[in-house]
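# Chain and residue survey
For reference, the chains in residue letters:
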Amino acid sequence: MRKILLIYTGGTIGMITNAQTGALESVNFEHLHAHIPELQRFDLELSVRSFEQPVDSSEITLQHWQTIASWITEFYAQFDGFVVLHGTDTMSYTASALSFMLQGLKKPVIFTGSQLPIGIIRTDGKENLITAIEIAAAQDENGEPMVQEVALYFEYCLFRANRSSKVSAHQFEAFQSPNYPLLAKAGVQLEWFKERLFRTNETALKSQLSLNNQVGLLKLYPGIPTVAYTSLLQYPSFQIVILETFGAGNAFSESAFQTAIHDFITAGGIVLNITQCQSGSVRQGAYQTSVFFEKAGVISGADLTAEAAITKSMFALANLPKEAIPNFLGTAVVGELS
Ligand code: ASP
C-alpha cells in the first residue's frame, strides 16, 4: 500500500463562517475530515499532520515554511508522497520556497486547497484534495513516483509549483503558470505530460531550511516618486532587491534611479530584474531602456515569477556564499526559469 502524508496548514478549504462576524475562519482538520468520507475509501495509507493552529495563508511566515519542509524531511523515508493543504492566497510562495529548500526530491510534494470551504455544497475542495492525493500516489511504468518535484494541483491542472501564481480571487481556476506548460491534466483520466516533469541530478534529498528575508521588491510604475525607490535601495539591511520592470525588463532612464541602482550594487547589493508581465521573459539590452541594467551588473531573472524570485533570493542569501548568488539567481535550479 502506498503511504501518503497529508499536511494541513489551513486555508479556505477548512474554514467555516463565524456566525458573529460573518467572516471565514480556520478550524481543525477533524472538521475537514468529517466532510470528506471518500478519504477512507482510498486504496492507500493516509496519515495526517496538522498545524496546531491552522492559518489563513495570508498569515504564513518563513517559520511555517520551515515547519512544512522539516516535516517532509523527517518523514521523507516513511512516505511515498506528500500533499500539503494550504490557503490559495500565498500557496505559490510557500510551494516555490519549498522547491528550493527541498532540492533532490525524488518523491511528490503536491500543494492544493480550494476557493470554497469544504462545508459548502459547491466546494472545489473535494475534487482538488482527492485528485492531489491520487497524483501523490501515482507511479510510472517502472514503479517510480510519477512526480518528483514540488507541484501545485488546482481545478484539474497540475502545475510546477515554482512556475505558478494565483491569478483569480473568484474563479475556480485560481492558478496559472504562463511560462511553463501543465505537468498533467485531470479529466476522466489523469493525462500526464511526462517530458515536462522535473528530474533531479542530486542523489539524495538536500534539505536546506535556512532562509533570509533581507529581500526587497520594487514594482516600477510611470511617475514613481524618487523616494519610493531610494528608500528601498538605500535601506541598509537589504541584500537583494528585485525589480519588477516593464515588458522585457525595461525601465525609465531617470538619473536618480540609475544612481540608486549603481550605488546599491557598488555597496555589495544584488539587483534581480523580473518582468511585471504575466508571461514572457526579461531580455536585458533588447531595448535602449534596459541597456543600463546590463552595464550596471543587474541580474536578469528571465521568466521567473515574483513568487519564485523572492523565495529563491531568500534561499540564496541564507545558503550560498555571496559570490555564488548572482549566478545562482540567473540559472535554473529546480526548473523555475527557462
Ligand atoms: N484567504 C484564504 C487563504 O489563503 C484563501 C483561500 O484559501 O482560498 O488562506
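Residues numbered from 1 in each chain as written. Predicted model: local features only at pLDDT ≥ 70, side-chain atom pairs only at ≥ 80, totals over all residues. Heavy atoms only, no water.

## Points about the sheet that holds strand 9 (residues 157–160)
Where strands meet in a sheet, backbone hydrogen bonds hold them as pairs that are either parallel or antiparallel. Within the open sheet, the 8 strands sit side by side as 4-1-5-7-8-9-12-13. Their pairing is mixed. Edge positions in the sheet fall to strand 4 (45–55) and strand 13 (190–192), since each has one partner strand and no second. The sheet shows a mean angle of 20 degrees between the axes of neighbouring strands, taken without regard to direction. Relative to strand 5 (residues 81–85), strand 1 (residues 3–10) runs parallel, the two being bridged by 5 bridges. Looking at strand 5, one finds that Ile-4 is bridged to Gly-81. Of the strands in this sheet, strand 1, strand 4, strand 5 and strand 7 (109–112) touch helix 2 (residues 62–74), which is tilted by about 160 degrees from strand 4. (Pairing = 2+ DSSP bridges. Helix = DSSP H or I, 4+ residues; strand = E, 2+ residues; numbered from the N terminus. Axes fitted to C-alpha atoms, helices over the stretch in contact; angles between N-to-C directions. Contact = heavy atoms within 4.5 Å.)

## What about the sheet that holds strand 15 (residues 215–219)?
If you walk across this open sheet you meet the 4 strands as 15-16-17-18, and the pairing is parallel. Either end of the sheet is taken by a strand with one partner, and the two such strands are strand 15 and strand 18 (299–300). For strand 16 (residues 240–245) and strand 17 (residues 270–275), the ladder comprises 6 bridges, and the chain directions are parallel. Its bridge partner being in strand 17, Thr-245 is matched across the sheet by Thr-275.

## Quick notes on the pattern of salt bridges
Under the defined criterion, the tally for this structure stands at 9 salt bridges. A salt bridge links Arg-2 to Asp-80, with the nearest nitrogen and oxygen atoms 3.7 Å apart. One end of the pair, Arg-2, is in the segment before strand 1; the other, Asp-80, is in the loop between helix 2 and strand 5, with 78 residues separating them in the sequence. For Asp-80, a relative accessible area of 22% translates into the label partly exposed. In this structure, the salt-bridge partner of Lys-166 is Asp-89, at a minimum N-O distance of 2.7 Å. Taken as a pair, Lys-166 in strand 10 (residues 165–166) and Asp-89 in the loop between strand 5 and helix 3 (91–101) lie far apart in primary sequence, 77 residues in all. Relative accessible area serves as the criterion here: at 25%, Lys-166 is assigned to the partly exposed category. (Salt bridge = Lys/Arg side-chain N within 4 Å of Asp/Glu carboxyl O. Buried < 20%, exposed > 50% of the residue type's maximum accessible area, 1.4 Å probe, protein only.)

## Focus on the environment of Tyr-287
With respect to the helices, strands and loops of the structure, Tyr-287 is situated in the loop between strand 17 and helix 7 (288–296). Residue Tyr-287 is classed as partly exposed on the basis of its relative accessible area, which comes to 47%. Remark: the alpha-carbon pair of Tyr-287 and Gly-249, spanning 38 residues in sequence, is separated by 8.7 Å.

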